[in-house]
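# Observations on the three-dimensional arrangement
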Amino acid sequence: MGLSLALFAVPTFAQDDPTTAVNDSADSVETITVSASALKVATPLAQTPRSVSVINQDQLSIQQPTKLDEALRYQPGVMTQPYGSDNNTDWFKIRGFDAATYLDGNRLFNTGYYGWNLEPFGLEQIEVLKGPASLLYGEAPPGGVVNAVSKRPGYVEGGEFEVKGGSRNLQQIGIDTTSFVDDDGDVRFRLVAMMSSQDGVLDGTYNDRTYIAPSLAIDISPDTSLTFLASWQQDDGVPTSGFLPAYGTLFDTPQGKIDPSTNLGEPDYDKNKSNQYSIGYEFEHHFNDTWQFKQNTRYAYTDLLLRSTYAFGSETSADLNRGIVYRDGSTQMLSMDNQFIANWDMGNTANTSLLGVDVQQFKNDSMQADDWGNANGGTTSGINAFNPVHGNIIAIDDRATPVNIKKEQMGIYAQQQVTFNDKFIAKFGGRYDIVRLQNDTAATSTHEDIHNDNLSLSGGLMYLSDIGLSPYVSYSESFEVIASLDASTGKAYKPLEGQQTEAGFKYQPDFINGYVNVAWFNVNQKNGLVYDPTTAQQTQTQELTSQGIEIETVAQVTQALLARANYTYTDAQSDDGLGNKQRTALIPQNMASAWLEYDFSHLGFDSLNGLVLGAGSRYMGSSVGHTSDGAGILHVPSVTLFDAMARYDITKKWRAQINVNNLTNKEYVSSCDYYCYYGEEMSATATLNYRW
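Computed from a predicted model, the values in this text were never measured in an experiment. (Residues numbered from 1 in each chain as written. Predicted model: local features only at pLDDT ≥ 70, side-chain atom pairs only at ≥ 80, totals over all residues. Heavy atoms only, no water.)

## Thoughts on the packing of aromatic side chains
Applying the stated rule across the entire model yields 16 aromatic pairs. With a centroid separation of 4.9 Å and an interplanar angle of 50°, the aromatic rings of phenylalanine 424 and tyrosine 463 are classed as tilted. Highlighted residues: phenylalanine 424 in strand E22 (residues 424-441) and tyrosine 463 in strand E23 (residues 446-463), separated in sequence by 39 residues. Taking relative accessible area as the criterion, tyrosine 463 reaches 31% and is therefore assigned partly exposed. (Phe/Tyr/Trp six-rings, centres within 6.5 Å; stacked < 30°, edge-to-face > 60°. Helix = DSSP H or I, 4+ residues; strand = E, 2+ residues; numbered from the N terminus. Buried < 20%, exposed > 50% of the residue type's maximum accessible area, 1.4 Å probe, protein only.)

## Some remarks on the UniProt feature "domain: TonB-dependent receptor plug" (unreviewed entry) in the protein chain
The residues that UniProt annotates with the feature "domain: TonB-dependent receptor plug" (unreviewed entry) are residues 45-145. Secondary structure over residues 45-145 splits into 15% helix and 26% strand, and the C-alpha atoms at its two ends are 15 Å apart. (UniProt positions renumbered as here; feature names shortened; annotations may be inferred.)

## Structural notes on the pattern of salt bridges
If charged atoms from side chains of opposite charge come close, those side chains can pair. Applying the stated criterion across every chain, the model contains 35 salt bridges. The partner of glutamate 680 in a salt bridge is arginine 73, with the nearest N and O atoms 2.9 Å apart. Linking glutamate 680 in the loop between strand E39 (676-678) and strand E40 (683-691) with arginine 73 in the loop between helix H4 (68-71) and strand E4 (78-80), this pair joins segments that are 607 residues apart in sequence. When its relative accessible area of 11% is taken as the criterion, arginine 73 is described as buried. Where arginine 655 meets glutamate 160, a salt bridge forms, and the shortest distance between an N and an O atom there is 2.5 Å. Here the residue arginine 655 occupies a position in strand E37 (residues 654-661), and glutamate 160 occupies one in strand E10 (residues 158-166), the gap between them amounting to 495 residues. Look at the salt bridges and you will find they share partners, linking Asp104, Glu124, Arg152, Glu282 and Arg298 into a network. (Salt bridge = Lys/Arg side-chain N within 4 Å of Asp/Glu carboxyl O.)

## Structural notes on the environment of proline 239
Here proline 239 shows up in the loop between strand E14 (224-238) and strand E15 (271-286). By relative accessible area, proline 239 is classed as buried at 5%. A C-alpha to C-alpha distance of 28 Å links proline 239 and glutamate 480, two positions 241 residues apart in sequence. Those residues in contact with proline 239 that sit more than four places away from it in its chain are Asn87, Asn88, Thr205, Asp270, Lys271, Asn272, Leu306, Arg307 and Ser308. (Contact = heavy atoms within 4.5 Å.)

## Comments concerning empty space enclosed by the protein
Tallying each qualifying case throughout the model produces 13 cavities of 30 Å³ or more. There is about 280 Å³ of room inside the largest cavity. Lining the largest cavity are 24 residues; nearest its centre among them are Arg73, Thr80, Arg618, Met620 and Leu641. Of all the elements in the fold, those that place two or more residues in the lining of the largest cavity are E4, strand E30 (561-575), strand E32 (590-599) and strand E33 (612-620). Among the residues making up the lining of the largest cavity, the classes are represented as eight nonpolar, 12 polar and four charged. (1 Å grid on protein atoms, 1.4 Å probe; cavity = no way out; pocket = protein on both sides within 12 Å on 5 of 7 lines; lining within 4 Å. Points joined across faces, edges and corners; volume = space filled by probe spheres on them. Nonpolar A, V, L, I, M, F, W, Y, C, P; charged D, E, K, R; others polar.)

## Description of the nonpolar core
In terms of nonpolar packing, the biggest core is built from 22 residues, with Leu72, Phe92, Leu118, Ile126 and Val146 touching the most fellow members. Mapped onto this core, the elements with two or more residues apiece are H4, strand E5 (92-94), strand E8 (123-130) and strand E9 (144-150). If you tally residues by element for this core, the top one is E8, at three residues. Not counting residues up to four positions away in its chain, the partners in contact with valine 146 are Leu68, Leu72, Phe92, Ile94, Ala100, Thr101, Tyr102, Ile126 and Glu127. (Core = buried A, V, L, I, M, F, W, Y, C linked by side-chain atoms within 4.5 Å.)

## Overview of the state of the cysteines
Evaluated as defined, the whole model comprises one disulfide. A disulfide bridge connects cysteine 672 with cysteine 676, and the sulfur atoms are separated by 2.1 Å. Note on the cysteine 672 and cysteine 676 pair: the S-S dihedral is about 105°, so by sign convention the disulfide is right-handed. Residue cysteine 676 is classed as buried on the basis of its relative accessible area, which comes to 1%. (Disulfide = S-S within 2.5 Å.)

## Observations concerning the sheet that holds E8
An order of E3-E8-E9-E6-E7 is seen for the five strands of this open sheet, with the pairing classed as mixed. Of all strands in the sheet, those bounded by a partner on one side alone are strand E3 (52-55) and strand E7 (106-107). Sheet topology places strand E6 (residues 100-103) next to E7; two bridges connect them, and they run antiparallel. When the sheet's bridge partners are listed, tyrosine 102 is paired in E7 with arginine 107. (Pairing = 2+ DSSP bridges.)

In structure tokens, the structure reads:
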């Protein structure tokens, strides 16, 4: 840490893809585009009539996130880590709702405790498409799409070796290298590999990770390319279970406050071990100047063993009931997306047509058990939050019963974009999906075999003015078929249906290198899910709504100074259908962030070449939660956090960097629902890179 403070850190070296890199050129910020894996048709963000944000490789390198949700901290409309720092799951909400996660345009399904963990070291870009997106992706939650783009071979040979250390005994080494298989670079290979180990925020928790991702790109001809992508990741550790009572976190007590590192689980029994494998390819062929074909296919497999002990909430006592979750099983995901894209002109219009057919299959075979503690007929012992005594529990592994889930989807979609006289952009389309869900749960002798079909519509209109101001309006829909069962009814959930109306403008003035985006949104979801305190599971309500405003600005103020700022207002509510409305738990009404980054290389002093300093601030407004019995309201105060970074070029090949999050080590409650969760304490990382 001391060495990194002395050396600071080096700037990230330029990326091969000019559409995703931010550099010092006069038009660099304005020319950022989203890759086809996010909107499926490469479109400049300034000409897209809905909100899309991009976190490119330069921003990832500056922030040095260790988890996907950490990378989203400075994005408008996105609330990250509402449940604190979890070492085995990424948590984020977009516009008050859950969002689907994709890897290279392929859905990473999550059901129950089975989820896919993405490694940021293996990513070159993250794209956030906000609001319902079933037109392009089929069934998914209304929050939107977070699409992670894997590193793949570029057209420059070279690489880097990285060593990282930091808070909570973080130790990490990684390598990222690209080489040509043939002399002219038509066949290229890339290997990304990483090993890390870090303690969790709770006593006795940790996670060890190994990650390997080889890829091979082949330019078969000037019109045809094929890229193979594979990865393997293993996580092994003790999971954090940050469920804490309001008593001692949100509320003062005679005993004081609960220490944020207190583990109310069972570190000698709890276990999280997962293996993730994936293999896929991306094929692209241009038939002529008009038509092209793309096929994106991936198979992914996960194997999970999870034992997690957690405490129930309380507002009046430090003596807490506890429960245990046990899962031992696997998931398989297979997806294939076929796209025909045509770019053609007719009269005074420029047209882009997208026609697609995709299929998805998800299987989950699990042995699972749940024990809700002595107070609810179980055997798991309680614990005192101020004097936790571990080891007095009865394992539930031998009580597990099988659950088998299978979900299949086929979708046909079409989208048309028309530009009139280079001034008006109209985008509209529709999609028809057929979904089949099978759920066999032995514990409740339940067999569900459900067929759903759904028509999703989307449309938008934008005007491109001569002064760089582009107002727009759009409408989009979503639907989602939940694979698990409603514990309150023992039956399958009804499909969730979402609609969004969005209006705003995107402004790119000619007097500054940057942009300002303003969006008003209104999202509603029928049959939305809410937490049921009697079952500790999710159940369905009548309707969830969320409306608000997002403001995002990025500006290269001078050649040396880059500024980012955003503000979000979100009014999220739930309606039980009986006239009872209340604010949605976890979601703050106001969020804001700002980031300044200064490159001293432009001052003309040789000693300062390669020195970059950055500082940021994140504000999360007050939010609400519910008491443990569901009858009362908890009020969570606002918090402001500060982050900082420094990096320095030691030589052309060596660089060093330090990042500090929550610079003042603020102790705070990040949110409450029927539990309360501490936010992450101060964390610091020091990174040393050698590149060639």
